[in-house]
Amino acid sequence: FNLGRTEPSTEGEIAKLYAASELGQDQTKVGGILLVLKLSLSLSASGMLTSDIEALMRAVSHSLSLPHCKLTVGVQQVQASFGAGPVHMLRTENGKVYHKLSDLHALALVVERADQPDVLTALAVVDAIDGRPAPYGWAVQWLAYHGFGVFAAVAVSRLCTSRGRP
């Protein structure tokens, strides 16, 4: 599986980077690293704020007992490293897919707070959420997002001018 929609790296390629290291001997740790990377990309593509992704993924990393997580999430890139492991520079895109964002956020919170989270199941859930189609068509999405924005701007403008403000 690819790590994200715009990231060509696969889970297998990332896992191979850790094969020769001490982390590579523990599949749970490698799975945790994959989960943090995949969740970071998915949350970014769904519209979560970059600072919130960084804080949440550091908490998830800590709860999975991963080595020190250095994570920087930008508008088009996620940079991450775990302990003395390799630095991952992954491509992402910001989106506004709120029906996925709420589920991904809930999953991240569950993983963070669980006593012994099942990393492989969590990875499968991320893939299932990411692969899910929108519950509405493109026309409804366009109208709700762009149409609402235009009408809200007009309404605020009229409200301000009716009260004597420019």
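In the block above lies the structure referred to throughout.
Cut-offs applied
Residues numbered from 1 in each chain as written. Predicted model: local features only at pLDDT ≥ 70, side-chain atom pairs only at ≥ 80, totals over all residues. Heavy atoms only, no water. Helix = DSSP H or I, 4+ residues; strand = E, 2+ residues; numbered from the N terminus. Buried < 20%, exposed > 50% of the residue type's maximum accessible area, 1.4 Å probe, protein only. Contact = heavy atoms within 4.5 Å. Areas by Shrake-Rupley, 256 points an atom, 1.4 Å probe, with all protein chains shown as cover. Lys, Arg positive; Asp, Glu negative; His and termini not counted. Charge placed at Lys NZ, Arg CZ, Asp CG, Glu CD. Core = buried A, V, L, I, M, F, W, Y, C linked by side-chain atoms within 4.5 Å. Salt bridge = Lys/Arg side-chain N within 4 Å of Asp/Glu carboxyl O. Axes fitted to C-alpha atoms, helices over the stretch in contact; angles between N-to-C directions. Left-handed = near helix turned anticlockwise from the far one by under 90°. Nonpolar A, V, L, I, M, F, W, Y, C, P; charged D, E, K, R; others polar. Pairing = 2+ DSSP bridges.

**Q** Explanation requested: the overall build of the protein chain in the structure shown.
**A** Helix and strand counts for the protein chain stand at six helices and three strands. Listed by position from the N terminus, the elements making up the protein chain come as α-α-α-β-β-β-α-α-α. Principal-axis analysis of the C-alpha atoms places the extent of the protein chain at approximately 70 × 30 × 30 Å. Across the 166 residues in the protein chain, those meeting the buried criterion constitute 37%. Put simply, 60% of the contacts in the protein chain that link residues at least 6 apart link residues at least 24 apart. By element, 60% of the accessible surface of the protein chain is carried by carbon and sulfur atoms, the whole surface being about 9700 Å². When the 14 basic and 14 acidic side-chain charges of the protein chain are each reduced to a single mean position, those positions are 13 Å apart.

**Q** How should the environment of Tyr-145 be read in this particular structure?
**A** Within the fold, Tyr-145 resides in helix α6 (residues 138-162). Distance from Tyr-145 to Gly-85, taken between C-alpha atoms, is 41 Å for residues 60 residues apart in sequence.

**Q** When you look at the nonpolar core in this model, what are you seeing that I'm missing?
**A** Most often, soluble globular proteins have nonpolar side chains that are buried together. Counting residues in hydrophobic clusters, the biggest one holds 37 residues, and the most contacted among them are Leu-35, Leu-39, Leu-43, Met-57, Leu-64 and Phe-82. Of all the secondary structure elements, the ones that give two or more residues to this core are α2 (27-46), α3 (50-63), β1 (69-73), β2 (77-82), α4 (98-113) and α5 (119-131). In terms of residue count, the dominant contributor to this core is α2 (nine residues). Ignoring anything within four residues of it in the chain, the contact list for Leu-35 reads Leu-64, Val-111, Val-119, Ala-122, Leu-123 and Val-126.

**Q** I'm lost on the pattern of salt bridges in this one. Help?
**A** Pairing between side chains of opposite charge can happen when the charged atoms of each approach one another. Under the defined criterion, the tally for this structure stands at four salt bridges. Two residues, Arg-5 and Glu-93, come together in a salt bridge whose shortest N-O distance is 3.3 Å. Of this pair, Arg-5 sits in the segment before α1 (11-17) while Glu-93 is found in the loop between β3 (88-91) and α4, placing the two residues 88 residues apart along the sequence. Look at Glu-93 and you get partly exposed, because its relative accessible area is 33%.

**Q** Looking at this structure, I do not really get the packing of α3 against α4. What am I missing?
**A** Two numbers describe a pair of packed helices, the interaxial angle and the distance between the axes. Across the interface, α3 lies against α4 with an axial gap of 8 Å and an inter-helix angle of 35°. Handedness of the α3/α4 crossing: left-handed. Counted together, Leu-56, Met-57, Ala-59, Val-60 and Ser-63 of α3 and His-105, Ala-108, Leu-109, Val-111 and Glu-112 of α4 form the full contact between these two elements. Its residues placed into classes, the contact of α3 with α4 shows seven nonpolar, two polar and one charged.

**Q** Any chance you could explain the sheet that holds β1 here in plain terms?
**A** Read from one edge of the open sheet, three strands run β1-β2-β3, paired in antiparallel fashion. Each edge of the open sheet is held by one strand with a lone partner, namely β1 and β3. Strand-to-strand, the axes of this sheet are offset by a mean angle of 15°, without reference to chain direction. Note: β2 against β3, four bridges, orientation antiparallel. The residue of β3 that forms the bridge with Gln-79 is Met-89. Across the sheet, α2 lies against β1, β2 and β3, angled at about 165° from β2, the strand it touches most. Along the sheet face, α3 touches β1 and β2 and points at about 160° away from the line of β1.

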